[in-house]
Amino acid sequence: METKKMMRSYFFQITAVLFILICLVIAALAFTADRVTISRVEQQTEKQSENSVEVSSNALRDSIGNLHEEIMGLQVNVNNMNELERVVRETNLLDIDTGFKSFFYYDLKTKKFTWFSSEDRRIKDSKILEDDDFLQALTSTDFHMSKRYPLQSDYLTYMYVPVRNGSERVGIFGGGLSLMNSLVFRNSLESFDDETMAYLFNSKGEPLATSRNLVTDKERVLTQSVVDRAFQTVEPYDIFSTNKDMYYFARDLKVTDWKILVRTPRSVFYEPVYTTRQQYLVIAALTLVPV
């Protein structure tokens, strides 16, 4: 009788040890699978974000490049304001969607602005003269993009294009792009899916556009701490996360000085991990059933 009790006791002890060993093995396998899955998902997320940013960067480069070429074509008319105005009117440069909402020419010799857009679409001359990007364009051969300017339920960002006559700088063209209407911004972030939000920034950290996802305005909002964290990076791109989201930041779009920040919910990122854990829980349950 005592022998049977001892045998039964040993049996339960051995069973308990086996149970613990099985749990430990399953836990180790689950942990290893988690790490492998996370690593793969990180790589996949990085690759997808990188590809989408590249598509957006190319779209921005094409749009801005086309507008720049159109402006450069006006240089031959800067000595004849009547002819210049006629050419501007006959082109699509003053089309809010495909061109500019606001447009001017600044003559370096006379220090005078000539506006080709109505007064309600302009900002004050004094603000432009104080704009650091405008001042840089005065001594540069490259175009510069301004900060955001509020204008009647809209924002403008100006493209300042220096004008030369031979080796002599003679003036500046300025075209104000509408952040609300311009196709430059409306089409630039179309490559991102519905689960991912993308934000286009200028060099000052001011938002210019977001991808057109079906989300509320509240869901579009970024905290300043996230923006500050993104702009700290000095590398071409960076990946970081918060408790809620993961971010991919591309600081060098090779077009002007704009940047893109991509936000992906962690729930999307970790979905494969959750699936793997559930699978191991099922395996653990099935393994323990006979016990």
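Here 5 strands make up an open sheet; going across it, the order is β2-β1-β5-β4-β3 and the pairing antiparallel. Edge positions in the open sheet fall to β2 (112-115) and β3 (144-150), since each of these has one partner strand only. Mean inter-strand twist for the sheet, computed between neighbouring axes without regard to direction, equals 25°. Pairing analysis gives 4 bridges linking strand β1 (residues 102-107) to β2, with the strands arranged antiparallel.

Even without a glycine there, the phi angle at lysine 111 is positive, about 55°. Tracing the backbone shows lysine 111 in the loop between β1 and β2. Of the residues examined, lysine 111 reaches a relative accessible area of 55% and is grouped as exposed. Although it is not a glycine, glutamine 152 sits at a positive phi angle of roughly 45°. With respect to the helices, strands and loops of the structure, glutamine 152 is situated in the loop between β3 and β4 (155-165).

Burial analysis of β4 places 8 of its 11 residues in the buried class, the great majority of the element. As paired elements, β3 and β4 share 5 bridges and run antiparallel to each other. Bridging from a neighbouring strand, arginine 148 pairs with threonine 157 of β4. Connecting the antiparallel pair β3 and β4 is a turn made up of 4 residues, with glutamine 152 showing a positive phi of about 45°. One ladder, built from 10 bridges, connects β4 with strand β5 (residues 168-178); its direction is antiparallel. Its bridge partner being in β5, proline 162 is matched across the sheet by isoleucine 172. Once β4 ends, the chain turns through 2 residues before running back antiparallel as β5, passing glycine 166 with a positive phi of about 70°.

Summarising burial for strand β9 (residues 245-250): 6 of the 6 residues are buried, a large majority. Every second residue of β9 is oriented toward a common face, with Asp245, Tyr247 and Phe249 on one face and Met246, Tyr248 and Ala250 on the other, all of them buried. As judged from the 5 bridges shared by strand β8 (residues 237-241) and β9, these two strands associate in the antiparallel manner. Among the inter-strand pairings, aspartate 238 is bridged to a residue of β9, identified as phenylalanine 249.

All right, on to the sheet that holds β8 then. Strand pairing in a sheet takes place through backbone hydrogen bonds and is either antiparallel or parallel in direction. Pairing is antiparallel in the open sheet, where 5 strands are placed in the order β7-β6-β10-β9-β8. For this open sheet the edge positions go to β7 (207-210) and β8, each flanked by a neighbour on one side alone. Taking each pair of neighbouring strands and ignoring which way they run, the sheet shows an average axis angle of 20°. Packing of helix α7 (residues 224-231) onto the sheet brings it into contact with β6 (197-201), β8, β9 and β10 (259-265), and relative to β8 it is tilted by some 145°.

Okay, the nonpolar core next. Judged by nonpolar contacts, the single largest core of 38 residues is most densely connected at Phe103, Phe173, Phe185, Leu200, Leu253 and Trp258. Sorting elements by how many residues they give to this core places helix α1 (residues 2-72) first, with 5 residues. Every residue in contact with phenylalanine 173, bar those within four places of it in the chain, is listed here: Ile71, Leu74, Gln75, Val78, Leu84, Phe103, Phe104, Tyr105, Met159, Tyr160, Val161 and Val163. Phe104, Trp115, Phe134 and Leu151 belong to the second largest nonpolar core, which has 16 residues in total.

Before going further, it helps to spend a moment on the side chain of serine 146. Examined against the element boundaries, serine 146 turns out to sit in strand β3. A distance of 2.7 Å separates a polar atom in the side chain of serine 146 from the backbone nitrogen of tyrosine 158. Among all residues touching serine 146, those that are not within four sequence positions of it are Asp131, Asp133, Thr157, Tyr158, Tyr160, Asn202 and Lys204.

Criteria and thresholds
Residues numbered from 1 in each chain as written. Predicted model: local features only at pLDDT ≥ 70, side-chain atom pairs only at ≥ 80, totals over all residues. Heavy atoms only, no water. Pairing = 2+ DSSP bridges. Helix = DSSP H or I, 4+ residues; strand = E, 2+ residues; numbered from the N terminus. Axes fitted to C-alpha atoms, helices over the stretch in contact; angles between N-to-C directions. Buried < 20%, exposed > 50% of the residue type's maximum accessible area, 1.4 Å probe, protein only. Contact = heavy atoms within 4.5 Å. Core = buried A, V, L, I, M, F, W, Y, C linked by side-chain atoms within 4.5 Å. Polar contact = N/O pair within 3.5 Å; in protein donor to acceptor, adjacent residues only side chain to side chain.

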